[in-house]
Amino acid sequence: MKKTYIIFTILVCLFVYKTQAQEENDYTAQMDGMFQYLDKTAIDTDILIDRVFPAANIQEFNQGVRIDTSSYRHYKQAWSELYRASYHHDFVGLETLKTGLYHKNYDQHIVPIGFINTEFHRTDFGTTEANAKVAFDENEEVFRNIAGLNPFVKKQTTIVSPLVHKVVGSSFSFKMEEACSLYQQGKRIKKLLLTTNGANFTLIDNFIASTQYFNTTYSESGIECLKFTITFSDDTSKITYAVLSVEKLSTAGERADTVAGSLDLETEEIPIWANHGEEDNVLDGDLLYQGYDESRPYEGKNEYKIYYDLIHKDKILNKPMIIIDGYDAADSRKISVEVDGRDGLEKSLYEQMSYDPDNNPETDNTVDMVQKYREQGYDVILVNHPRYKRREDGVEVVAGSDYLQRNAFTFIALLRRLKKRMQPEDKFTIIGPSMGGLVSRYALAYMEKKLAETGDTEKWDHKTALWVSFDSPHQGANIPIGVQKGIQYFANDLGVETAKEFITEQLDKPFPKQLLVNHYTNNSSYVRGAVGFRTRFQNELDALGFPKAEGLRRVALINGSVKGSLNGVSKAKYLGIEDDLTHLSSLDFFIGPLGSFLTNIVADKMKANFFHVTNEKTGISESLIFEGGIRGKFLWWKWWTNRVTYKSRPSRKGSYDVAPGGYFNAQVVLANESNTPNSGFEKKSLSYVFHSLSKYVIDPTHCFIPSKSALAYQKSEVLDEDISGEDLACAGKIPFDAYYAPSDNEQHVSLNEENVNWLTEQLTFDDIAQNDNVYNQLEAEEELYEITGPEYFIGEATYNFGNCFEASEIEWEASSNLSIVNSNSRSITVVTNINPFERSEGYIRAKFRNLVFEKRIIIRKRLMPNVIVDYHNNKINVTIRELKENGMYEPISNETLAYYNSSSGHINIFSYNGNMVASQPWGAGRENIIYMPYSAKNEYMYVAYIELYDFTVVSFIYAPY
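Keep in mind that this is a model prediction, so the values were computed, not measured.

The tendency in soluble globular proteins is for nonpolar side chains to be buried as a group. Membership of the largest hydrophobic core comes to 118 residues, with the highest contact counts inside it found for Phe143 and Phe634. Counting residues in hydrophobic clusters, the runner-up holds 28 residues, among them Met353, Tyr373, Tyr740 and Leu751.

In structure tokens form, the structure reads like this:
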């Protein structure tokens, strides 16, 4: 069954530019303007479907002998279009329908069934000049009546569908839900028969809806096709279909057989509330959080599952390792494949911690990292951010998109609970993929802050030895603003309900508003996050800082390149979507392929194009990031409605879309979902292609977590800077003790053999062993361990080794013309011990692992500065000169003092601490030169005073080279 409508449901694992809309009117307002002079008295249904963009294609759905297929998404879209196309809204809107359905609280194995069965009107303007029923005024772009002709035709639509996207269970029940159905006028449904899984269920009999539950059991998970046979009040009949996603759960016995005896070393998913202790009725009282837009603080919730180690097998926490999940706006990922409600198309948290070493899906050699860690003696604890109803008011919350702070407080509650069960000598290892890295960072840093304030170790000592930030967005994340603006266009201008739901259920949730560097609410061409969220959150996060308790090791594993490798091309088009909205006329269906076609007059073609944000760093010129529009057509006239463009300006940071970083494929998901909402729609070919939609994915990925964000880089803001030439941890440019970064950009939170091996080394890190920071993929060990520092110097200089090592591992050595002032595991400081006025060569050597690394250096001779005072024609001219290596003095500053009636004075030179270091009288008629004294230390500055008798006429500061 092909797609019948346009859908947008982007899954974001978990924004530089306002965009300027050229027109603000929505589609219906523009259509009403074009239809304003038409006589509408013939529209007795009160619904003119051409007033709305035809995403559900009601005009052709099930018309004539067509047999078409619906779904809950299509059902909602059709309901919305009928409501918005009606002039007086004599039935409830979609939001009221969804609210009523929500409050029925159906269990997840129940399938309510609804129908839409009503008449409506559509335009019938004609297709040629000879059969035209309206005239088109091209000057005003409006239609006008032709006397005696009715430009509208009445139709009836019948749509039957489940009122859920998905059901979960071992058995399932269908129920007719007449209260969530729509009938306005036309033929009534006399009988409705559901056929599924080889059984028939009568949902409506003799116009009366059944209140019975009809039960069935599917043999496997997948997309099920529901067949509906309809008998109308005039005894005509119709067959239509709908699809339903089914997740078949194994019974306890089946699951026990599958896990082959290991079930006793796993717990079930255990819920934990932030404000409650070990016993559910005991309040901790200090872990409630009030969000930026909330009137009171609320309690958070998470859930966890323990996979006990396979060495002790004692269900006692030994070497606890916590892996905390990232962004999940629908709570669809879950902890493991066995959990109810998991989206079967998405990897569970357990599965995400696995990888394929040869990256070949056809070979079955996946490495199960949870199992591997259990075999090494770790008790692995997986933490999910679930969907739940708040205790305080019953409002449903999805923790995976809630305020980060509330999730952090809930994580603190979990640490408190687990600390009571772990061995006294043990400490936590915490791994935080994506948002999980931010949640754990905030939690650990907050606990350290409270511990310093209160001294309460029971509550606030986090007892963590290793914290792993896994491609976490410490400085924000990016979903292309073009994608966001495109979704906003489909939602607001075209009325696509799934686009509206995506905005409501994802982009408008607290965590995306806190995190996205550019948010769809930004109406400028600059990079701006959600007002009142993004900047406030980043400031709070930066003020809290990173955890830094004694004994805590902080490491970062990132998926973005540090070599400046881009994730795309600046300003390039990465996605195009076009939809030919010309419809096949059901009246002419039997004429055949050469027969006539009825054109949808007011919506002939839809186009949407998406472009990367410019990577230019300077300038004010704007570049396109999104354009969309609907083309109308009547006879030979064509016009565009709802044409919208958004643009971006250069940013000093560059483009977040193409920046180096862990990448995501939002544009691919958007393209796939717009064309095939569910892979199961191809299961049975029972419908025609209503729209001829084409998608062009030119660039499949974009930067999601910039490399500098994942590293919390603290120097230059330029996103595509090559920062691979030094050890960023040793240089103090990142707040981590060690890090891993690949040469090329990788998919966000993806594992492979190289980064897994590095991570495993971090788990077994010994304070005496080396601190292996990996960047540039170890392309050359000589480059990795390079000695860095000045090639020329005078007096004193410091040199750094290319990585962080313990002092006992590095043996420093310097040439005889240098003296070692001090040295440590990272650096050596030396000072010259020869005649400062002689030029010589020397070296610095670092001996490590039976290797010797050497840096040759040149010791420059002291360049003696002097001061020249010249008096001529009552003017004093003061010049400071330096002696260069070519033996010549060159002036470096000059000042002239006018009209002094004196021909003598003194030049006094003081060190910066006030001690006079040189003095010399000067007089007219000669060049007065005084040399500044030499110091081996570069820290001295000199102050020279030019005096006439007893008062100073000029002073200046000179800092030696």
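There is more to say, and it comes next.
Taken over all residues, the pLDDT of the protein chain has a mean of 81, while the share at 70 or more is 76%. Here residues 1–25 is a poorly scored stretch, pLDDT under 50, and it has 158 contacts once near neighbours within four places are set aside; other chains count. Note that pLDDT drops below 50 for residues 934–961; the model gives that stretch 99 contacts with residues more than four away or on any other chain.

Applying the stated criterion across every chain yields a total of 39 salt bridges. When the shortest N-O distance is used, the salt bridge between Arg406 and Glu294 registers 2.7 Å. Residue Arg406 is found in helix H7 (residues 404–419), and its partner Glu294 is found in the loop between strand E15 (270–273) and strand E16 (301–307); the two are separated by 112 residues along the sequence. Across the pair, exposure class does not vary: Arg406 and Glu294 are buried alike. One salt bridge in this structure joins Glu453 and Lys449, with 3.0 Å as the shortest N-O distance. Of this pair, Glu453 and Lys449 both sit in helix H8 (residues 435–454), separated by four residues, roughly a single helical turn.

Tracing the chain through its elements places Ser655 in the loop between strand E29 (637–648) and strand E30 (661–664). On the basis of relative accessible area, Ser655 is assigned to the buried category, the value being 0%. Placed 128 residues apart in sequence, Ser655 and Val527 show a C-alpha to C-alpha distance of 9.4 Å. A distance of 3.1 Å separates a polar atom in the side chain of Ser655 from the backbone nitrogen of Asp657.

So, about the sheet that holds strand E39 (residues 840–848). As a general point, the strands of a sheet are linked pairwise by backbone hydrogen bonds and lie either parallel or antiparallel. Strand order in the open sheet made by the four strands is E34-E40-E39-E36, with mixed pairing throughout. Bordering the open sheet on either side are strand E34 (792–793) and strand E36 (811–814), each of which pairs with just one other strand. In this sheet, E39 lies alongside E36 in antiparallel orientation, the contact comprising four bridges. Bridged to Trp812 within E39 is Ala846.

Let us now look at the pairing of strand E13 (residues 222–232). One ladder, built from six bridges, connects strand E9 (residues 189–196) with E13; its direction is antiparallel. In the strand pairing of E13, Leu192 is matched with Ile230. Relative to strand E14 (residues 237–248), E13 runs antiparallel, the two being bridged by 10 bridges. In the strand pairing of E14, Ile223 is matched with Ser245. With antiparallel pairing between neighbouring strands as the criterion, E13 and E14 make up a hairpin whose turn holds four residues, including Asp235 at a positive phi of roughly 65 degrees.

The next thing to look at is the packing of H8 against helix H13 (residues 534–544). The description of two packed helices rests on the angle between their axes and on the distance between the axes. At their nearest, the axes of H8 and H13 sit 10 Å apart, and the two run at 50 degrees to each other. Classified by the angle between their axes, H8 and H13 sit oblique to one another. Once H8 is placed against H13, the crossing between them reads as left-handed. Here Leu438, Arg441, Tyr442, Ala445, Tyr446 and Lys449 of H8 lie close against H13, whose contacting residues are Phe537, Glu540, Leu541, Asp542 and Leu544.

Let us look at the environment of Tyr388. If you trace the backbone, Tyr388 turns up in strand E21 (residues 387–389). Judged by its relative accessible area of 5%, Tyr388 falls in the buried class. Distance in space between the C-alpha atoms of Tyr388 and Gly300 is 9.1 Å, their sequence separation being 88 residues. Among residues more than four places away in sequence, those in contact with Tyr388 are Trp273, Glu299, Gly300, Lys301, Val395, Glu396, Val397, Ala399 and Asp402.

Here the focus is H13. Count 3.6 residues to each turn of an α-helix, and residues three or four apart come out pointing the same way. Of the positions making up H13, those classed as buried are Arg534, Phe537, Gln538 and Leu541. What you see down the axis of H13 is that its buried residues fit within an arc of 95 degrees, all on one side. H13 presents Thr535 and Ala543 as exposed residues on the side facing more than 90 degrees away from its buried surface. Of the surrounding elements, those touching the buried residues of H13 are H7, H8 and helix H12 (510–515).

Take helix H10 (residues 481–493) next. Taking 1.5 Å as the rise per residue, H10 with 13 residues should run 18 Å; its terminal C-alpha atoms sit 17 Å apart, in good agreement. Here H10 lies mainly inside the structure; 12 of its 13 residues are buried.

Moving on, we come to the pairing of E29. Sheet topology note: the strand E28 (residues 623–634)/E29 ladder contains 10 bridges and is antiparallel. Along E29, the bridge assignment pairs Phe634 with Trp637. In textbook terms, the turn of a hairpin is the stretch between consecutive antiparallel strands, and for E28 and E29 this stretch comprises two residues, one of which, Leu635, has a positive phi near 55 degrees.

Strand order in this open sheet of eight strands is E15-E16-E20-E17-E23-E24-E25-E33, and the pairing throughout is mixed. Across the chains shown, the open sheet's two edge strands, defined by having one partner strand only, are E15 and strand E33 (738–740). When the angles between neighbouring strand axes are averaged without regard to direction, this sheet yields 20 degrees. Pairing of E15 with E16, which is carried by four bridges, proceeds in the antiparallel orientation. Within E16, the residue paired with Ile272 across the bridge is Asn302. Sheet strands touched by H8: strand E17 (320–324), strand E23 (428–433) and strand E24 (464–470). Its angle to E23, the strand with the most contacts, is close to 135 degrees. Sheet strands in contact with helix H16 (residues 753–763) are E17, E23, E24, strand E25 (553–557) and E33, and its direction is about 175 degrees off that of E25.

Moving on: the packing of aromatic side chains. Counted according to the given criterion, the structure contains 40 aromatic pairs. Summarising the aromatic geometry, the rings of Tyr446 and Trp460 are spaced 5.9 Å apart at their centres and angled 70 degrees between planes, so their arrangement reads as edge-to-face. Residue Tyr446 is located in helix H8, and its partner Trp460 is located in helix H9 (residues 457–460); the two are separated by 14 residues in the primary sequence. Taken as a pair, Tyr446 and Trp460 share a single burial class, namely buried. For the cation-ring pair, Arg51 lies above Tyr87, with the distance from its terminal atom to the ring centre recorded as 4.2 Å.

Unlike most non-glycine residues, Phe207 shows phi in positive territory, near 75 degrees. For Phe207, the position within the fold is in the loop between strand E10 (199–205) and strand E11 (208–209). The backbone of Lys313 sits at a positive phi, close to 55 degrees, despite the residue not being glycine.

Following both chains from N to C, one finds helix H2 (residues 72–85) and helix H11 (residues 497–507) inclined at 105 degrees, their axes separated by 9 Å at the closest point. When the axis of H2 is compared with that of H11, the two are roughly perpendicular. Across the interface between the two elements, Arg73, Lys76, Gln77, Ser80 and Arg84 of H2 pack against Glu497, Thr498, Lys500 and Glu501 of H11. Taken together, the residues of the contact of H2 with H11 break down into no nonpolar, three polar and six charged.

Here Lys733 is to be found in the loop between helix H15 (707–711) and E33. At 2.3 Å, the side chain of Lys733 forms a polar contact with the side chain of Glu726. When residues no more than four places from it in sequence are discounted, the contact partners of Lys733 are Ala712, Tyr713, Gln714, Lys715, Glu726 and Leu728.

What counts as what
- Residues numbered from 1 in each chain as written.
- Predicted model: local features only at pLDDT ≥ 70, side-chain atom pairs only at ≥ 80, totals over all residues.
- Heavy atoms only, no water.
- Core = buried A, V, L, I, M, F, W, Y, C linked by side-chain atoms within 4.5 Å.
- Buried < 20%, exposed > 50% of the residue type's maximum accessible area, 1.4 Å probe, protein only.
- pLDDT = per-residue confidence, 0-100.
- Contact = heavy atoms within 4.5 Å.
- Salt bridge = Lys/Arg side-chain N within 4 Å of Asp/Glu carboxyl O.
- Helix = DSSP H or I, 4+ residues; strand = E, 2+ residues; numbered from the N terminus.
- Polar contact = N/O pair within 3.5 Å; in protein donor to acceptor, adjacent residues only side chain to side chain.
- Pairing = 2+ DSSP bridges.
- Axes fitted to C-alpha atoms, helices over the stretch in contact; angles between N-to-C directions.
- Parallel < 35°, antiparallel > 145°, perpendicular 65-115°, else oblique.
- Left-handed = near helix turned anticlockwise from the far one by under 90°.
- Arc of directions from axis to C-beta.
- Expected span 1.5 Å × (residues − 1).
- Phe/Tyr/Trp six-rings, centres within 6.5 Å; stacked < 30°, edge-to-face > 60°.
- Lys NZ or Arg CZ within 6 Å of the ring centre and 35° of its normal.
- Nonpolar A, V, L, I, M, F, W, Y, C, P; charged D, E, K, R; others polar.

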